[in-house]
Amino acid sequence: MHAAYIQHLRKEKRLIHMTQISILVLFFSMWEIAASQRWIDPLLFSSPSRVWELFISRIQDGSLFNHMSITLFETILGFLLGTFLGTLFAAILWWSPFISRVADPYLVVLNSMPKVALGPLLIVGLGPNFSSIIAMGALISVIITTIVVYNAFKGVDDNYLKVIQSFGATKRQSFFSVIFPASYPTIISTLKVNVGLAWVGVIVGEFLVSKQGLGYMIIYGFQVFNFTLVMLSLIIIAILATCMYQLVELLEKRLIPSHRK
């Protein structure tokens, strides 16, 4: 029975992957047909064949790798920084009920504030450089990470704490032995959300100040009416964001036993 169930899961997984690939192929096929038949304006929406030609030419002259590496570096750093700071702040709030009660209304206000609007302030404060772009990528995710992870820390069953404290565990030992491991699923879910948020923050930062990167390519493409360049940049962003998401899922399988199969 168990072997049959595992076989069923594998077949279902293959079917899901085949369906996902089919949808992707259908999308690009319809896009190419629509552009060639003028159902859509090829000047505005380009076509997969034009995007591919531009991709090859930018690969050959080496410019695409430069833009990709800069944006990917900024995004990964902003992603890691936002997640780390958010988790650290959540730990501080769990550690001190007094601080958590004081900070609660400010977290609500900061969470409701559009983080993108703070971009000009970051540029003025940190300068029009990598620092402001990375800070933008981190800022857009740090507040929501703090709130979600803190609620996960608070939601851990008190009985677990009572058991370990009955053996004389300190608050520090209780946190690292019970609270933090029990919150792995929520932290992983937050990481998945932060992948998208970090990309949004970095691309917006590049819109504002950068002369390099995928965000700059998008803005430059709009300025010169080269929408093929815009589409190429968007597709590359989607691919890179998907790769980052898959890495988070691999981490999830390593940390959470129920997701290993």
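Above this text is the structure in question.
Notes on the structure follow.

Calculation criteria
Residues numbered from 1 in each chain as written. Predicted model: local features only at pLDDT ≥ 70, side-chain atom pairs only at ≥ 80, totals over all residues. Heavy atoms only, no water. Helix = DSSP H or I, 4+ residues; strand = E, 2+ residues; numbered from the N terminus. Buried < 20%, exposed > 50% of the residue type's maximum accessible area, 1.4 Å probe, protein only. Contact = heavy atoms within 4.5 Å. Areas by Shrake-Rupley, 256 points an atom, 1.4 Å probe, with all protein chains shown as cover. Lys, Arg positive; Asp, Glu negative; His and termini not counted. Charge placed at Lys NZ, Arg CZ, Asp CG, Glu CD. Core = buried A, V, L, I, M, F, W, Y, C linked by side-chain atoms within 4.5 Å. Phe/Tyr/Trp six-rings, centres within 6.5 Å; stacked < 30°, edge-to-face > 60°. Lys NZ or Arg CZ within 6 Å of the ring centre and 35° of its normal.

**Digging into the overall build of the chain**
Scanning the chain from N- to C-terminus turns up 12 helices and 0 strands. Of the regular secondary structure in the chain, the N- to C-terminal order runs α-α-α-α-α-α-α-α-α-α-α-α. Dimensions of the chain, computed from C-alpha atoms along their principal axes, come out at roughly 70 × 65 × 30 Å. Expressed as a percentage of its 261 residues, the buried residues of the chain come to 38%. Sequence separation of 24 or more characterises 69% of the internal contacts of the chain that already satisfy a separation of 6 or more. Counting every atom, the chain has about 15700 Å² of accessible surface; 69% of that belongs to carbon and sulfur. The centroid of the 19 positive side-chain charges in the chain is displaced by 9 Å from the centroid of its 12 negative side-chain charges.

**Structural notes on the nonpolar core**
Grouped together as the largest cluster of nonpolar side chains are 27 residues, with contacts concentrated most on Phe79, Trp199, Leu214 and Ile236. Listed by contribution, the elements that provide at least two residues to this core are helix H3 (48-61), helix H4 (63-95), helix H10 (184-209), helix H11 (214-223) and helix H12 (227-255). Per element, the largest residue contribution to this core is 11 residues, and it comes from H12. Sequence-distant contacts of Leu214, that is, excluding residues within four places in its chain, are made with His67, Met68, Thr71, Trp199, Ile203, Glu206, Ser233, Ile236, Ile237 and Leu240. Core analysis: the second largest hydrophobic core is formed by 15 residues, Leu107, Phe153, Leu161 and Ile179 among them.

**Points about the packing of aromatic side chains**
All told, the structure shown has 14 aromatic pairs when counted by the stated rule. Look at Phe175 and Phe180: their rings are 6.0 Å apart centre to centre, the planes differ by 40 degrees, and that puts the pair in the tilted class. The structure contains a cluster of three or more aromatic residues connected by ring pairs, namely Trp94, Trp95, Phe153, Phe175, Phe176, Phe180 and Tyr184. Lys171 extends its terminal NZ or CZ atom over the ring of Trp94, reaching a point 5.4 Å from the ring centre.

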